[in-house]
Amino acid sequence: MRTELVSEPGDRARPDEDFASVGLPVSGQGGSVVLLDGVTPPPDGAGCLHSVPWFTARLGGALTELTVSLPDVPLAEALSLAIARTAGAHAETCDLSHPRTPQATVAMARWSPDTVEYLVLCDATLLLASPGGTVTPVQDTRLARLPRALLRSAGTVDGTLRNKEGGFFTAAADPAVAGRAVTGSVPRADVGALAALSDGATRWTETFREGDWADLFALVHEKGTRTLVDRVRELERADEVERAFLGSAKTHDDATAVYVEL
């Protein structure tokens, strides 16, 4: 089995807010991938004493353990349990009702001899490749479908869209949000390899239009996750002045990619 994982902060002066792991039980009968993309808090804080990296490490660590140790528990239930566990770790010291309490987007996959399960919440992406080479993206498109004008105001986003009906959902402090995730399963025989990507890595396709999902997957398969992230950084630097692609977005984002051949 081939596995690759790379995660690089968008700003080397700040900690990487992403989290990624590959869990491989000694039995060799299955495994899991967990990827979290932490949501950067506003400058004036979010009612929490803890950083986003603290949160993603706690939530990601719990998800890695639960997806491996409880193989019969559905991924959405595992996410709910992990959110509850993480919230309990700082409920007495922090305001978990704040709309910008530490939170993250999620992409997960777990495989057994018979099945590949998946879960995606918000704008992380999971790619499933068949043995014949067909690449299927698994995405939660609620955020992408919202009018861009609504997303320009932080007050509007936090007050009416973030973790609200008609808006979009992230893993924060409410375990019930796990029920909002995009979930499903496919036969193991239908998946030869998979990739989990934060939106900093999917810029290759979604922002810079270097190729479609099949092209991105082929790049990772042939040249590795490091090459993908390096190429994204090159494209970001090239567009730093003109902003033809990045617009008002930050020049560099945390970029994480995980690749697994089953």
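Higher on the page you've got the structure.
This text gives an overview of the structure that appears in the document. (Residues numbered from 1 in each chain as written. Predicted model: local features only at pLDDT ≥ 70, side-chain atom pairs only at ≥ 80, totals over all residues. Heavy atoms only, no water.)

**Quick word on the pairing of strand E9 (residues 193–197)**
Thinking step 1. For E9, the buried fraction is high: five of the five residues fall into the buried class.
Thinking step 2. Taking every second residue as pointing to the same face, both faces of E9 are buried, with Ala193, Ala195 and Leu197 on one and Leu194 and Ala196 on the other.
Thinking step 3. In the sheet, E9 pairs with strand E10 (residues 255–261) via five bridges, with the strands oriented antiparallel. Its bridge partner being in E10, Leu197 is matched across the sheet by Ala257. (Buried < 20%, exposed > 50% of the residue type's maximum accessible area, 1.4 Å probe, protein only. Helix = DSSP H or I, 4+ residues; strand = E, 2+ residues; numbered from the N terminus. Pairing = 2+ DSSP bridges.)

**Topic: the sheet that holds strand E6 (residues 125–129)**
Thinking step 1. Read from one edge to the other, the open sheet built from five strands follows the order E1-E10-E9-E6-E7, with strand pairing classed as antiparallel. Looking along the sheet, the strands with just one partner apiece sit at the ends: strand E1 (3–8) and strand E7 (135–139). Neighbour-to-neighbour, the strand axes of this sheet turn through a mean angle of 10°, independent of strand direction.
Thinking step 2. For E6 and E9, the ladder comprises five bridges, and the chain directions are antiparallel. When the sheet's bridge partners are listed, Thr125 is paired in E9 with Leu197.
Thinking step 3. Along the sheet, helix H7 (residues 225–238) contacts E1, E9 and E10; its crossing angle with E1, the most-contacted strand, is approximately 25°. (Axes fitted to C-alpha atoms, helices over the stretch in contact; angles between N-to-C directions. Contact = heavy atoms within 4.5 Å.)

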